[in-house]
Structures are given as C-alpha cells and as structure tokens.
Amino acid sequence: MAKVAQARSPYAVLVRSSAKSLRFCLSPTTRWAGRMLRTIQPIRLPDWYTRQFGLLSPARTGSTSRKSLLSPVLLIAAIIAIAAVAGCSTELAPRDTHATISDSGNISSFFYKMLLYVDIVIGVAVFGFLAVAIVRFRRAAGDDSLPPQNHGDARLELIWTAIPTVIVVVITIPMLVGLFQLAKHPDQNQKIIEIDVTGKQWWWDFTYKSGTANGLQTANEVHVEANTAVVMNMTSSDVIHAWWIPRLTGKRDATPGRTYPLYFTPLEPGIYDGQCAELCGASHAVMGTKLFVHPPAKEVEVEYAGKKYTLDSYETWAREQMASSVAPATPELEKGAKLFRDKTCPACHLVKGLEGAESAGQSVTTGPNLTHVGSRMTIAANTLLNTPQNLAKWIQDPQAVKPGAKMTKIAMTPDEAAAIAAYLTSLK
Ligand code: HEC
Ligand SMILES: [Cu+2]
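Parameters at a glance
- Residues numbered from 1 in each chain as written.
- Chains lettered and ligands numbered in written order.
- Predicted model: local features only at pLDDT ≥ 70, side-chain atom pairs only at ≥ 80, totals over all residues.
- Helix = DSSP H or I, 4+ residues; strand = E, 2+ residues; numbered from the N terminus.
- Buried ≥ 20, exposed ≤ 12 C-beta atoms within 10 Å, placed from the backbone.
- Contact = placed C-beta atoms within 7 Å.
- Axes fitted to C-alpha atoms, helices over the stretch in contact; angles between N-to-C directions.
- Parallel < 35°, antiparallel > 145°, perpendicular 65-115°, else oblique.
- Nonpolar A, V, L, I, M, F, W, Y, C, P; charged D, E, K, R; others polar.
- Near = placed C-beta within 6 Å.
- Pairing = 2+ DSSP bridges.
- pLDDT = per-residue confidence, 0-100.
- Core = buried A, V, L, I, M, F, W, Y, C linked by C-beta atoms within 7 Å.
- Expected span 1.5 Å × (residues − 1).

(A) Structural detail: the overall build of the protein chain. A tally of regular secondary structure across the protein chain gives 12 helices and 14 strands. Within the protein chain, buried positions represent 28% of all 428 residues. At a minimum sequence separation of 6, the contacts of the protein chain that also span at least 24 residues come to 63%.

If you want it as structure tokens, here you go:
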C-alpha cells in the first residue's frame, strides 16, 4: 500500500524532467561563468554550485576557505550581464531593425513598438491580478474547507470577452492602414528610382530602369538617393531568395517566375548592410548585399563600421557608372586585361568597353557586371572587402571563399591572378 502512495504523479515527473533539461541547457553557460568568476580570485563558489556544474573545488587555502556571500551575488550579476550584452556587437549593430532609415521601415518599427507597449500593459495587468489572487485568496492555515463551487458569471464573462475584442480592434485598425501604406505604389508625379532586382545563387543583380541610370546593370551593392522613392521589382532566376536590409524595411521574397514589388523612400544618407533571408543553398549565409543611400545634392560624409566615407550625390554616382570601363593605362594593366580575356572570364562577365570582351559579355548575366567593379566596397556579395589581395584570392579559388560558388575555378598562377586583380581594381 505504501508503495502505491509513493508512486510519482505525472506532474512531478514533468516538473523534474523540465528542471533537468533546463539545467542541461544552462550548464555550459554557468560553467563558463563559474570559471570566469574563479579567475577573479579569491572567490569560493558555494559547494552546491561546484557540485551541480562539475567544477573542481578550488584548493582550500586560508584565504579562500571562508564562505563568501559575494559569490552567488556576483554569479547572478555576471549571468545578467552576459545575457544583457549577448546581442551587442559593433560589427552587427548596423543591422538593427529598430534603427530604421526609411518611411516604410518607420511604419514597421511603429507596429513593433505599438504591440510591445500594448503587450507590456496586458502583461503587467494579468500578472498583477494573478499576484493579488495568489496573496489575497490563499488558503488560511488549518482551513481544509472547499471554496464556494459556482458555475459561470455572466458579468465576468462579458468583461473578459469585451476587453480583448477592444484591444484586437484597436491594434488591427492602424495595422491595416499601415499595410496598405506599405503596399502603395509611390506617386507617379515625383522622381522615382526603379530597379529590377534578381536574386541568384549567391549574389544580387540590379538593373536600373529610370533616370540617369536607366539601363545600368550592377551587382550586390545597390545605390539609391535619400528622399527619393524607390520601386524594386523583385525576382529570382533560380531558387527563392529574400532581399533584406534590416535597417531599411521588411524582407521581400525573390521568387522564380514571379515579380513582387517593394516600395520605400530612404531618408538618411549612409551605407547599410543586408543579408539574404531565405535558405537558398550552400552559400546562403554569405549572400550579402549593401545599400548606399546617396545625398540628393552635395556629397556628404557618413560613418560605417567606425570609419568615415564620402558619398557623392546619386546623380554623380549614376553618371560615373553609366560610362564604359576605363582603358588599361599601363602595360601591367594591359597584361591583366589580356589575361581577363584569355582566361575566358568574359563568358560570364561583362566589362563594357573592354576591347574583345564587350560583345561576348554583352548578353551574359551568369556573373556580375564588372565594368566598374573597382568602385565596389566589397566583392562576392558583401563577403570580402574589395582589395587587390582579396580579388586575387577570389579569382584563383572562388569555392574556397564561397562553398559551391557558380564561378568556375580557372587554372592560373598567382602572378596571373594578381595581374587580373590589378586590372579589375583599376575599373573604378
Ligand atoms: C561560369 C561563369 C563564370 C566565369 C567563367 C567566371 N566567373 Fe566570375 N563570377 C561568376 C559568378 C556566378 C559570380 C558571383 C559569385 C558569388 O558571389 O556567389 C562571379 C563573381 C566574380 C567577381 C566578384 C564580383 C562582385 O561584384 O562581387 C569577380 C571579381 C569575378 N567573378 C572575376 C572573374 C574573373 C577574373 C574570371 C576569369 C578568370 C571569372 N570571374 C570567370 C561567374 C563566372
Ligand atoms: Cu539567397
């Protein structure tokens, strides 16, 4: 009989196993925190902690044998501090979805904040009522009587149906207004920069359809103008990708066989990072993109990743990009240009104006347009900084940089790669 009484209830089993798995998840962090703490000697961790997380107890020397109350406090402080800074990194901070820089980004950000504040109010109210109920209506010592057993209360039921309905309506109305705003084509009477965007494994192809840049084809780094509406027509030539500049606006799928629009007006000149947001194959994680928001008129200085950069006006940029490539000016660059042709690079890349390569490259979109590749900040879809060394490294073995990259590995000596890299660098 005693055996039966001791049998564990399923709830006890559930609680125990949850506690166990929680400890399993936490233990690497806490073990690390313990080690960190121990480096700030003299701290003696409590025995229960040492046992739980498999740490060796420190030698019980005179100075450390005294139990310190400070250590659990420090430990908790350290865990909170680690949790608090876990999302901090100057490298990634430019991808903060809350530091929005466009009209449509501001709308999404507004929704997020509105929901957050509404949720905080609801959370405080619900947990507040719960706390009051737990304290005020707890069982008195020695009182084993059942509370009054009643069924339903029309007034209460009305209240807790009406309040959520009001909340949902209050949230829905601005949401719908915002959704229609996001989906609205900008007014045709103003200046619009229209760009066809094609996602490819694993880079982005941009073709400009309006204004000074009409007809311009470029890759991975897209340039627009502050306070000018942008219309992007998003598609893909292979698998589904998703265009995403966190600080600009929400994600937009690039789907083969379909074209989806994306509308936004960037408001702040600057350089912003993006990342393909749809698992699209081996090099998905290194399919980045960059947005350059140029000032409308005079050049401005902007900061990116702790460094200062000067951005020309959009029109200046567009005019420079529309020009043909510069002819190789030295015998060394001439050699690089010749190698570029001989190594069959024009089979996949256009360099507008390069003699003997232009016609071959005119119709290809297999690889990025390289006419002004020297003016890009990065290559291989925001993967490498655009330096001659990185270019040479990429040209010699693209797959070593990006797994599965669709650019053929072409046999060449390091000298040949350096010569081609020098030529490409000169294509400002
Ligand atoms: C079979 C087609 C093909 C051939 C041949 C080819 N490439 Fe590429 N190339 C690509 C593709 C595709 C990419 C984009 C890869 C990526 O970022 O995932 C690329 C990217 C590049 C880039 C980076 C451009 C940017 O803006 O990110 C450079 C530079 C480049 N190729 C140079 C060369 C040179 C030099 C040769 C000749 C030695 C060459 N390519 C031959 C297809 C090709
Ligand atoms: Cu992708």
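(B) Layout of unusual backbone geometry. Cis geometry is adopted by the peptide bond preceding Trp 202, which originates at Gln 201 and carries an omega value of -5°. Structurally, Trp 202 can be placed in the loop between β1 (192-200) and β2 (203-208). The phi torsion at Ala 381 lies on the positive side, around 60°, for a residue other than glycine. Structurally, Ala 381 is set in the loop between β13 (378-379) and β14 (384-385).

(C) Examining the packing of helix α5 (residues 103-136) against helix α6 (residues 154-182) more closely. Relative to each other, α5 and α6 sit at 170°, their axes nearing to 10 Å. Taken together, the axes of α5 and α6 lie roughly antiparallel to each other. Every residue of α6 that contacts α5 at Ser 104, Ile 107, Phe 111, Met 114, Leu 115 and Val 118 is listed here: Ile 167, Ile 171, Pro 174, Met 175, Gly 178, Gln 181 and Leu 182. Class assignment of the residues belonging to the contact of α5 with α6 gives a composition of 10 nonpolar, 3 polar and no charged.

(D) Region of the structure containing the site of ligand 1. Taken together, 32 residues sit near ligand 1, with Trp 203, Cys 345, Cys 348, Gly 367 and Met 407 positioned nearest. Among the elements of the structure, α10 (388-396) and α12 (414-426) are those that each provide at least two residues to the shell around ligand 1. Residue contributions to the shell around ligand 1 peak at 3 residues, all from α10. When its residues are assigned to classes, the shell around ligand 1 shows 21 nonpolar, 7 polar and 4 charged.

(E) Up close: the environment of Trp 317. Along the chain, Trp 317 turns up in helix α7 (residues 314-322). In sequence terms Trp 317 and Thr 212 are 105 residues apart; their C-alpha atoms lie 9.6 Å from each other. Apart from residues no more than four positions distant in its own chain, Trp 317 is found in contact with His 223, His 294 and Asp 312.

(F) Examining the sheet that holds strand β4 (residues 221-225) more closely. With respect to topology, 3 strands assemble into an open sheet ordered β4-β10-β9, the strand pairing being mixed. The outermost strands of the open sheet, each flanked by one partner alone, are β4 and β9 (270-275). Pairwise comparison of adjacent strand axes, ignoring direction, gives a mean angle of 25° for this sheet. The pairing of β4 with strand β10 (residues 288-294) spans 5 bridges and is parallel. Paired with Val 224 across the strands is Val 293, a residue of β10. Lying on the sheet, α7 is in contact with β4 and β10; it crosses β4 at an angle near 135°.

(G) How the structure looks around the sheet that holds β1. Taken in spatial order, the 5 strands make up an open sheet running β3-β2-β1-β5-β8, and their pairing is mixed. What marks the edges here is a single partner per strand, and that holds for β3 (217-219) and β8 (260-264). Strand-to-strand twist in this sheet, taken as the mean axis angle between neighbours without regard to direction, amounts to 25°. Examined bridge by bridge, strand β5 (residues 229-236) and β8 share 5 bridges and lie antiparallel to one another. Within the sheet, the bridge partner assigned to Asn 233 lies in β8 and is Pro 261.

(H) A look at the confidence of the model for the protein chain. For the protein chain, per-residue confidence averages 86 on the pLDDT scale, and 80% of positions sit at 70 or higher. This stretch, residues 58-66, has a pLDDT under 50; its non-local contacts, to residues over four places away or in other chains, come to 8 contacts.

(I) Fine view of the nonpolar core. Core analysis: the largest hydrophobic core is formed by 64 residues, its most contacted members being Ile 195, Val 197, Leu 291, Ile 420, Ala 421 and Leu 424. For this core, the element with the most residues is α12, which contributes 8 residues. Not counting the four nearest positions on each side in its chain, Ile 420 is found in contact with Gly 336, Leu 339, Phe 340 and Ile 395.

(J) Inspection of the environment of Pro 164 at higher detail. Along the chain, the position of Pro 164 falls in helix α6. According to the C-beta neighbour criterion, Pro 164 is exposed, with 11 such atoms within 10 Å. For the pair formed by Pro 164 and Ile 122, sequence separation is 42 residues and the distance between their alpha carbons is 9.8 Å.

(K) A look at the environment of Ala 405. Among the structural elements, Ala 405 can be located in the loop between α11 (398-401) and α12. On the basis of neighbour counts, which here come to 22 C-beta atoms within 10 Å, the residue Ala 405 falls in the buried class. Ala 405 sits 123 residues away from Ala 282 along the chain, and the two C-alpha atoms are 8.3 Å apart. Aside from chain neighbours lying at most four places away, what touches Ala 405 is Ser 283, Pro 398 and Gln 399.

(L) Layout of the packing of helix α8 (residues 331-342) against α12. Between α8 and α12, the shortest axis-to-axis distance is 8 Å and the interhelical angle comes to 105°. The angle between α8 and α12 places the two elements in the roughly perpendicular class. Along its contact with α8, which presents Glu 332, Leu 333, Lys 335, Gly 336, Ala 337, Leu 339 and Phe 340, the element α12 presents Glu 416, Ala 419, Ile 420, Ala 422, Tyr 423 and Ser 426. Per-class residue counts for the contact of α8 with α12 are 8 nonpolar, 2 polar and 3 charged.

(M) How the structure looks around helix α4 (residues 70-85). End to end, α4 covers 22 Å across 16 residues, agreeing with the expected 22 Å (1.5 Å per residue, within 8%). Buried residues are scarce in α4, accounting for 0 of its 16 residues.

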